[in-house]
Number of protein chains: 2
Amino acid sequence: MVKKDDGSRVRDALRVGGELPDPGSAPVGPGKKAKALDRLGGAGERLSALQEALYAEGVGGGRRSVLLVLQGMDTSGKGGTVSHVLGLVNPMGVRYAGFKKPTPAEQRHHYLWRIRKQLPAPGQIGVFDRSHYEDILVPRVSGLLTGPERRRRYAELNAFEEELAEAGTTVVKVFLHISPEEQLKRLKARLVTPEKRWKYNPGDLDARSHWAAYQDAYADIFKRTSTERAPWYAVPADHKWYRNWAVAELLIETLAELAPRFPEPDYDADAELAKLKGVGVPS
Amino acid sequence: MVKKDDGSRVRDALRVGGELPDPGSAPVGPGKKAKALDRLGGAGERLSALQEALYAEGVGGGRRSVLLVLQGMDTSGKGGTVSHVLGLVNPMGVRYAGFKKPTPAEQRHHYLWRIRKQLPAPGQIGVFDRSHYEDILVPRVSGLLTGPERRRRYAELNAFEEELAEAGTTVVKVFLHISPEEQLKRLKARLVTPEKRWKYNPGDLDARSHWAAYQDAYADIFKRTSTERAPWYAVPADHKWYRNWAVAELLIETLAELAPRFPEPDYDADAELAKLKGVGVPS
């Protein structure tokens, strides 16, 4: 398939490769809040239209779907992205799944078991708030995986995503990249605001204390699992307005390339219209 | 629990009982489009705030949830309601399920089997686009259920919903009431607009030709299954702006009565704040 030159501007700019962009930067697109919010409005309309076409294609028997994978440190804005970006489209076509620490029941299964149960159906946009990548991230930082075990798991993750691609699911992997300074501010805000306290978890401080190890683990993940069919994007996320705009655009470019099509009716529209005209109003 | 006098105005007005309101009427609330759209904006904010509190309550161990059941003739606006009303809140807290004609695999199970798999988790707002009521509606209109079989199924549906209530799920059952004249217009619009043709199904005309039988079946359903804990509401749905406003208000009143609460933290917020202040920025 020929890639349109102008259809991957944001993907090209944010695709991981070498150094990550500064968490407070705007490597592509609007650099100011007002402009970003304004553009997000327009993005909402395009995203909605593309999502509706994908959904319709699914109803018509198409098998394609999109899976947005959101990863990032605590407070990086995974939930906010779901609310502000996926909130722009029809909830009928969105399937959200959050993955917390595996339950004892989940731990008795292969780590992909719970993941597979939440995959998007044809026509849907699936969203993973944390994902199968937690299953290499956390054990790695905890020192529980040897080198050979890590390599085996990377190969397994790539094979899994290859399988998804074959099944018609386009995977868009996004790392929400915040700075430790911004995280500190957000953690404080969660503690001092009573309606935000439920979002805070004392374990967040443990993870924070291993900041460098997590960044290393992510760098390794990007190196090993950013593939042609399922690439990683690093979205600077210190500014919520930039993060929302960027994720919306990544989805739009991905969907636009898929170019979902409203299905051809499997009935004769003119004949149905004629029948309808002959139909009275039932009493 | 004492019901607040002003907290069930819309529910009281739209609760089924006797004659259904005219599909083009506005028995309660705004009678004009501009006012309804304006009020829907405000409703969105209230609904969002209540939904967030319910979600937070669920994260904190609460078990309560809400299940919106949408029923109505073809084109009555079930999908539009999902888009315009549930689209107002965070997709993280919404679980949508559409029920079409049961598949052969589903038909081998009890009809509640596929329904149970889609129930909302604690903290969620579930939405059923068609529901377990199709399983009495369609066989009844097709003449496949004898009187005793119908009565047994009503008892079964009531027992199922009683079980949901015991489990913490508040069921809100909404009949989107359109007129056959309005349906005719909407069916025509689906046929003449290429991007809407996928929504049309030749079977819609068969169902339309049994209009009176469906209305009778619904009347019977309301009589048999509108219970104190899981009442039916009839929402006039010829005007989309009225339908959206009314369903939003029904959800708001229901959630406001539940009065979901942000959970108390299971940690010492002051101690955590002190720890955070001592924490530097990780290198």
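Up top you'll find the structure we're talking about.
These numbers come from a predicted model, not from an experiment.

Reading the values: the criteria
- Residue numbers restart at each chain and count upward from 1, following the sequence in its written direction.
- As a convention, the first chain written is A and the first ligand written is 1, with the rest following in written order.
- Given that the model is predicted, a residue must reach a pLDDT of at least 70 before its local features are reported, and side-chain atom pairs must reach 80 or more before they are shown or counted; all residues, however, enter totals for whole chains, interfaces and linings.
- Hydrogens and waters are ignored; side-chain quantities use all the structure's heavy atoms.
- Note on aromatic pairs: the rings of Phe, Tyr and Trp (six-membered ring only in Trp) are paired at centre separations within 6.5 Å, and the planes decide the class, stacked below 30 degrees, edge-to-face beyond 60, tilted for the rest.
- The secondary structure listing takes helices from DSSP runs of H or I that are at least 4 residues long and strands from runs of E that are at least 2 residues long, numbered from the N terminus.
- When a residue's accessible area, from a 1.4 Å probe over protein chains only, is under 20% of the maximum for its type it is buried; when over 50% it is exposed; and in between it is partly exposed.
- Two conditions define a charge located above a ring, namely a distance within 6 Å from the ring centre to NZ of Lys or CZ of Arg, and an angle within 35 degrees of the ring normal.
- A pair of strands is considered paired only if DSSP assigns at least 2 bridges between the two.
- Between the N-to-C directions of two axes lies an angle of 0 to 180 degrees, each axis being a line fitted to C-alpha atoms and, for a helix, fitted only over the stretch in contact.
- Superposition of the copies used a least-squares fit over C-alpha atoms from residues whose pLDDT is at least 70 in both.
- For this analysis, residues touch if any pair of their heavy atoms sits within 4.5 Å.
- In this scheme, a helix's expected span is set at 1.5 Å multiplied by one less than its residue total.
- Angles are sorted into four bins: roughly parallel if under 35 degrees, roughly antiparallel if over 145, roughly perpendicular if 65 to 115, and oblique for all others.
- Crossings are classed by handedness, with left-handed meaning an anticlockwise turn of the near helix from the far one by less than a right angle and right-handed meaning a clockwise turn.
- By definition here, a salt bridge exists when the distance from a side-chain nitrogen of Lys or Arg to a carboxyl oxygen of Asp or Glu is within 4 Å.
- Put simply, buried area is the surface a 1.4 Å probe can reach on two separate parts but cannot reach once they are joined, added for both.
- N or O atoms within 3.5 Å of each other form a polar contact, as long as, within protein, one can give a hydrogen and the other can take it, and as long as residues adjacent in sequence are counted only when both atoms are side-chain atoms.
- Only Asp, Glu, Lys and Arg are considered charged in this grouping, and only Ala, Val, Leu, Ile, Met, Phe, Trp, Tyr, Cys and Pro are considered nonpolar; every other residue, Gly among them, is considered polar.

Turning next to the packing of aromatic side chains. Under the defined criterion, the tally for this structure stands at 20 aromatic pairs over all chains. When the ring of Phe222 of chain A is compared with that of Trp232 of chain A, the centres are 5.3 Å apart and the planes differ by 55°; the resulting orientation is tilted. In this pair, Phe222 of chain A is assigned in helix α10 (residues 211-225) and Trp232 of chain A in strand β5 (residues 232-236), connecting sequence segments 10 residues apart. Each member of the pair, Phe222 of chain A as well as Trp232 of chain A, is classed as buried. Note on Trp241 of chain B and Tyr242 of chain B: the rings are 6.3 Å apart at their centroids and 85° apart in plane angle, and the pair reads as edge-to-face. No difference in accessibility class separates Trp241 of chain B from Tyr242 of chain B, as the two residues are buried. Here the aromatic cluster, defined as three or more aromatic residues joined through ring pairs, consists of Tyr133, Phe175, Tyr218, Phe222 and Trp232 of chain A. Across the ring face of Trp113 of chain A, the terminal group of Lys117 of chain A is positioned such that the distance to the ring centre comes to 3.9 Å.

With that settled, consider the sheet that holds strand β1 (residues 65-72) of chain A. Residue and element names in this part refer to chain A. An order of β2-β3-β1-β4-β5 is seen for the 5 strands of this open sheet, with the pairing classed as parallel. Of all strands in the sheet, those with a lone pairing partner are β2 (94-98) and β5, marking the two edges. Strand-to-strand twist in this sheet, taken as the mean axis angle between neighbours without regard to direction, amounts to 20°. Across 8 bridges, the pairing between β1 and strand β4 (residues 169-177) is parallel. Looking across to β4, one finds that Leu68 is bridged to Val172.

Overlaying chain B on chain A yields an RMSD of 0.0 Å, the required transformation being a rotation through 180° with an accompanying axial translation of 0.0 Å. In symmetry terms, the pair is related by a two-fold rotation axis. Taken together, the interface assignments show that 100% of the residues at the interface of chain B recur at the interface of chain A, consistent with an identical surface on both copies.

Let's shift gears to unusual backbone geometry. If you check the backbone angles, Arg130 of chain B has positive phi at about 65° while not being a glycine. Tracing the backbone through its elements, the reader meets Arg130 of chain B in the loop between β3 (125-129) and α6 (134-141).

A few words on α10 of chain A. When the terminal C-alpha atoms of α10 of chain A are compared, their 21 Å separation across 15 residues agrees well with the 21 Å that a helix rising 1.5 Å per residue should span. Here α10 of chain A has its buried residues at Trp211, Tyr214, Ala217, Tyr218, Asp220, Ile221, Phe222 and Thr225 of chain A.

Residue and element names in this part refer to chain B. The interhelical angle for the contact between helix α7 (residues 147-166) and helix α10 (residues 211-225), taken along N-to-C directions, is 55°, at an axis separation of 10 Å. Put simply, α7 runs oblique to α10. Of the two possible hands of crossing, α7 and α10 adopt the one that is right-handed. Of the residues in α10, those touching α7 at Arg150, Tyr154, Asn158 and Glu161 are Ala217, Asp220, Ile221, Arg224 and Thr225.

The next point concerns the pattern of salt bridges. On inspection of all chains with the given rule, the structure shows 38 salt bridges over all chains. For Asp220 of chain B, the salt bridge goes to Arg140 of chain B, with nearest N and O atoms at 2.6 Å. Residue Asp220 of chain B is found in helix α10, and its partner Arg140 of chain B is found in helix α6; the two are separated by 80 residues along the sequence. Judged by its relative accessible area of 22%, Arg140 of chain B falls in the partly exposed class. Asp220 of chain B is the salt-bridge partner of Arg224 of chain B, the closest N and O atoms lying 3.8 Å from each other. Here the residue Arg224 of chain B and the residue Asp220 of chain B both occupy positions in helix α10, the gap between them amounting to 4 residues, near one helical turn. On the basis of relative accessible area, Arg224 of chain B is assigned to the partly exposed category, the value being 37%. Assessed through its relative accessible area of 13%, Asp220 of chain B is described here as buried. Several salt bridges converge on common partners, so that one network encompasses Arg140, Arg150, Asp220 and Arg224 of chain A.

Facing the 48 residues of chain B at the interface are 48 residues of chain A. Both faces considered, chain B and chain A share a buried interface measuring about 4,300 Å² in area, 74% of it formed by carbon and sulfur atoms. On the chain B side of the interface with chain A, the three residues burying the most area are Trp198, Tyr267 and Leu276 of chain B, jointly 17% of the side's total. Seen at the junction of chain B and chain A, the total is 0 salt bridges. Where chain B touches chain A, the interface holds 4 residue pairs in polar contact (both at pLDDT 80 or more). Secondary-structure elements contributing two or more residues to the side of chain B that touches chain A are α2 (33-59), α3 (78-84), β2 (94-98), α8 (180-192), α9 (203-209), α10 and α12 (269-278) of chain B. Its residues assigned to classes, the side of chain B that touches chain A comprises 30 nonpolar, 6 polar and 12 charged.

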